[in-house]
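# Close look at the chain arrangement
The lines below spell out each chain.
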There are 2 protein chains.
Amino acid sequence: MLKEERQQFIINEVGIHNRILLTDIADQLNVSVDTIRRDIKELHAAKQLKKVHGGAVSLGFNNYNPTGKKIYSLEKKSQIAEKALGLIKDGQVILLSGGTTNLELARRLPPKLKLTCFTPSLPIAVQLLGKNNIEVIFIGGRLSKDSQITVGGSAINMLSEIKVDICFLGTNSIHPMEGLTEFDWEIVQMKKAMIHSSRKVVSPCISEKIGSLQRYKICGVEEVDVMITELEPWDVKLDAFKNLNIQIL
Amino acid sequence: MLKEERQQFIINEVGIHNRILLTDIADQLNVSVDTIRRDIKELHAAKQLKKVHGGAVSLGFNNYNPTGKKIYSLEKKSQIAEKALGLIKDGQVILLSGGTTNLELARRLPPKLKLTCFTPSLPIAVQLLGKNNIEVIFIGGRLSKDSQITVGGSAINMLSEIKVDICFLGTNSIHPMEGLTEFDWEIVQMKKAMIHSSRKVVSPCISEKIGSLQRYKICGVEEVDVMITELEPWDVKLDAFKNLNIQIL
DNA sequence: CAAAATACTGCAAAATCTTGCAGCGCTTGA
DNA sequence: TCAAGCGCTGCAAGATTTTGCAGTATTTTG
């Protein structure tokens, strides 16, 4: 049996039972517990599950916590969110995609700002619901467990009926030539629809993501009107974007 | 049993009952009280609950519900939720309206139960997202701040396209003659649409709400197939419903 | 205050983890 | 073809964690 197969099996078992025991898996696959232990170690590093003493548990196992969730490079994302705030004017209609950067933006929206906010993201909707002057409209559809946004035909359909002032499009990878890319096909479809539903597309993007590339393409860089990073405007990483008719903040 | 599992179980129990006894938990899980004590110590350190003499309490509990009245009502809702669980079968498609009773139901859905779950309620969607075997489909639309469910044409439209096996319709007021009533017009529209989208309508309802009346009518009692209360079946409060062709649990 | 319940401490057995190592099969390149 | 290199796997020794128990301290309750 191939290592790949084995790990796939483990992921599957965790998905079904929410938890597994080292000894069970080793037994079922007729390999030593050491091998399974190593597999689980790798899968843990790859964030496919959570390794615990004696086995492993599913990541989404009872641990959803919109407020307490750990956000990586929070500092950078905060800076980006602050810059993004400057683009929003009272009375506008905006669209927030998922992602922790946009969640930070949502958190920082001033209480007195009047807005209509569309979003397919559950954590962002929860956050916005606490703001009295913001009308929240949730894009319905099937909820994807890992990204916590709605996806699928129904959601895309709902998007096709709107045209908002600004879309803040959380971005996993942006590349000067290849544009915006994603690793999840369903999210690609959602983001395409979001771009289509917006007059202006803003891409908040921490510097780590600049120049990286994923499997599927969302759109070219030319579709993005504004790019926001935590970097200073003269940073060399941004050079490649400077003659692309994009506003950089 | 893994330590992780045990601790998740404890967190869950605290979430449901707001308080737990060391001995109860040790009994249910067949481990020594020392083990549970140590778990609770860790969870306390991780600020997941508050350790007290003899057990633990939920963190928000002491702040939000000092009187204990809320718990009492929560106990009733828990009983109702437990009864409601019996109506759900593996593989079904269900629809959960908003309300705390349905939230309790959502929280109690067993992790191994496979379901497709439609809901317009934000808290319920958050709860369900943590369950791996449940496909969550969110009914999109404008989010109402106080009820935390989506309302309006878009949501009703989405409802019009589905037909689920069972709808659990959280109920504010139920009256033997006047049927189900609500004080919010928009929610009335939503609930009407939900009834229309379901083969079977179940109304979980704590006894305080029986016999009360609100401004707008959702439907007559005859549209409800099953009514669930925390009362015993022979309670006098239920007499008025007994010749109305409703199953009472 | 006294009895009962609960908490803490140290300890020992069992399970599990870590680490280093050797055997095995596969690939690579002379 | 064969030797070297590499990754995967299982094994073993020692470290670490987990768990239950017993004895003692502390808190609760009547």
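Residues numbered from 1 in each chain as written. Chains lettered and ligands numbered in written order. Predicted model: local features only at pLDDT ≥ 70, side-chain atom pairs only at ≥ 80, totals over all residues. Heavy atoms only, no water.

## With respect to the protein's contact with DNA strand D
By nearness alone, 16 residues border DNA strand D, and Arg6 and Thr35 of chain A together with Arg6, Thr35 and Arg38 of chain B come closest of all. Within 4 Å of the protein, the atoms of DNA strand D are drawn from sugar and phosphate moieties in a proportion of 63%. At 3.3 Å, a side-chain N or O of Lys3 of chain A approaches a phosphate oxygen of DNA strand D. At 2.6 Å, a side-chain N or O of Arg38 of chain B approaches a base nitrogen of DNA strand D. Those elements that place two or more of their residues in the surface near DNA strand D are helix H1 (3–17) and helix H3 (33–45) of chain A together with helix H1 (3–17) and helix H3 (33–45) of chain B. In terms of residue class, the surface near DNA strand D is built from 2 nonpolar, 6 polar and 8 charged. (Near = heavy atom within 4 Å. Polar contact = N/O pair within 3.5 Å; in protein donor to acceptor, adjacent residues only side chain to side chain. Helix = DSSP H or I, 4+ residues; strand = E, 2+ residues; numbered from the N terminus. Nonpolar A, V, L, I, M, F, W, Y, C, P; charged D, E, K, R; others polar.)

## Here's the deal with the interface of chain A and chain B
Listed as interface residues are 42 residues of chain A and, on the opposing side, 32 residues of chain B. Regarding the contact of chain A and chain B, the summed buried area is about 2900 Å², with carbon and sulfur atoms giving 61% of it. Across the chain A-chain B interface, the total number found is 4 salt bridges. Counting every contact that joins chain A to chain B gives 12 residue pairs in polar contact (both at pLDDT 80 or more). Here 2 bridges tie strand S6 (residues 134–138) of chain A to strand S7 (residues 141–143) of chain B, and the two strands are oriented antiparallel to one another. Among the inter-strand pairings, Ile137 of chain A is bridged to a residue of S7 of chain B, identified as Arg142 of chain B. (Contact = heavy atoms within 4.5 Å. Buried area = accessible area lost by both parts, 1.4 Å probe. Salt bridge = Lys/Arg side-chain N within 4 Å of Asp/Glu carboxyl O. Pairing = 2+ DSSP bridges.)

## As for the protein's contact with DNA strand C
For DNA strand C, the set of nearby residues contains 13 residues, the closest of which are Leu22 and Arg37 of chain A together with Leu22, Arg37 and Gly54 of chain B. Of all DNA strand C atoms lying within 4 Å of any protein atom, the proportion belonging to sugar or phosphate reaches 83%. A distance of 2.8 Å is found between a phosphate oxygen of DNA strand C and a backbone nitrogen or oxygen belonging to Gly54 of chain A. Arg37 of chain B places a polar side-chain atom, nitrogen or oxygen, 2.3 Å from a phosphate oxygen of DNA strand C. Only strand S2 (50–52) of chain A together with H3 and strand S2 (50–52) of chain B provide two or more residues apiece to the surface near DNA strand C. Grouping the amino acids of the surface near DNA strand C by side-chain chemistry returns 4 nonpolar, 4 polar and 5 charged.

## Topic: the environment of Glu222 of chain B
All names here are of chain B. Examined against the element boundaries, Glu222 turns out to sit in the loop between strand S13 (216–219) and strand S14 (226–228). We classify Glu222 as exposed; its relative accessible area is 65%. C-alpha separation for the pair Glu222 and Ala240, spaced 18 residues apart in sequence, amounts to 13 Å. (Buried < 20%, exposed > 50% of the residue type's maximum accessible area, 1.4 Å probe, protein only.)

## Brief notes about helix H9 (residues 185–196) of chain B
An α-helical turn contains 3.6 residues, so any two residues separated by three or four positions project in the same direction. All names here are of chain B. An ideal rise of 1.5 Å per residue puts 16 Å on 12 residues; H9 measures up with 17 Å between its terminal C-alpha atoms. The set of residues buried in H9 consists of Ile187, Val188, Met190, Lys191, Ala193, Met194 and Ile195. The backbone nitrogen of Glu186 has a side-chain oxygen 2.8 Å away, supplied by the residue at the start of H9, namely Asp184. (Expected span 1.5 Å × (residues − 1).)

## What about the packing of H1 of chain B against helix H2 (residues 22–29) of chain B?
Residues and elements named next belong to chain B. As a packed pair, H1 and H2 sit with axes 12 Å apart at the nearest point and diverge in direction by 130°. The angle between H1 and H2 falls in the class oblique. Where H1 crosses over H2, the handedness of that crossing is right-handed. Within the contact between the two elements, H1 uses Arg6, Phe9, Ile10 and Glu13 and H2 uses Ile25, Gln28 and Leu29. (Axes fitted to C-alpha atoms, helices over the stretch in contact; angles between N-to-C directions. Parallel < 35°, antiparallel > 145°, perpendicular 65-115°, else oblique. Left-handed = near helix turned anticlockwise from the far one by under 90°.)

## Some remarks on the pattern of salt bridges
All names here are of chain A. Applying the stated criterion across every chain, the model contains 21 salt bridges over all chains. A salt bridge links Asp165 to Arg199; the shortest N-O distance between them is 3.7 Å. Highlighted residues: Asp165 in strand S9 (residues 164–168) and Arg199 in strand S12 (residues 198–204), separated in sequence by 34 residues. Salt bridges sharing partners connect three or more residues here, namely Glu82, Glu104, Arg107 and Arg108.

## Some points on the domain arrangement of chain A
With domains assigned, chain A is organised as domain 1 (3–57) and domain 2 (74–248). Once you take the C-alpha centre of each, domain 1 of chain A and domain 2 of chain A turn out to be 35 Å apart. (Domains from an automatic or database assignment.)

## Brief notes about a positive patch on the surface
Residue and element names in this part refer to chain A. On the surface, Arg37, Arg38, Lys41 and Lys51 cluster together into a patch of positive charge. In terms of residues, the positive patch owes the most to one element, H3, which gives 3 residues. As for its position among the elements, Lys51 is in strand S2. For Lys51, a relative accessible area of 36% translates into the label partly exposed. (Patch = residues over 30% accessible without salt bridge, like charges linked within 9 Å, V, L, I, M, F, W, Y side chains within 5 Å. Areas by Shrake-Rupley, 256 points an atom, 1.4 Å probe, with all protein chains shown as cover. Lys, Arg positive; Asp, Glu negative; His and termini not counted. Charge placed at Lys NZ, Arg CZ, Asp CG, Glu CD.)

## What to know about the sheet that holds strand S3 (residues 55–57) of chain B
All names here are of chain B. Read from one edge to the other, the open sheet built from 3 strands follows the order S1-S3-S2, with strand pairing classed as antiparallel. Among the strands making up the open sheet, the edge pair consists of strand S1 (19–21) and S2. Going from strand to strand, the sheet's axes swing by 20° on average, the running direction of each strand aside. Together, S1 and S3 form the strand contacts of H1, whose direction differs from that of S1 by roughly 125°. Relative to the sheet, H2 contacts S1 and S3, its axis offset from that of S1 by approximately 70°.

## A closer look at the sheet that holds strand S8 (residues 150–151) of chain B
The sheet built from 9 strands is open, its strands ordered S15(A)-S14(A)-S12(A)-S9(A)-S4(A)-S5(A)-S6(A)-S7(B)-S8(B) with mixed pairing. Two strands close off the open sheet at either side, each with one partner strand: strand S15 (247–248) of chain A together with S8 of chain B. Inspection of the sheet shows strand S5 (residues 115–119) of chain A paired to S6 of chain A by 5 bridges, in the parallel sense. Considered in S6 of chain A, the bridge of Thr119 of chain A is made with Phe138 of chain A. Contacting strand S4 (93–96), S5 and S6 of chain A together with S7 of chain B, helix H6 (residues 122–129) of chain A runs over the sheet at an angle of about 155° to S6 of chain A.

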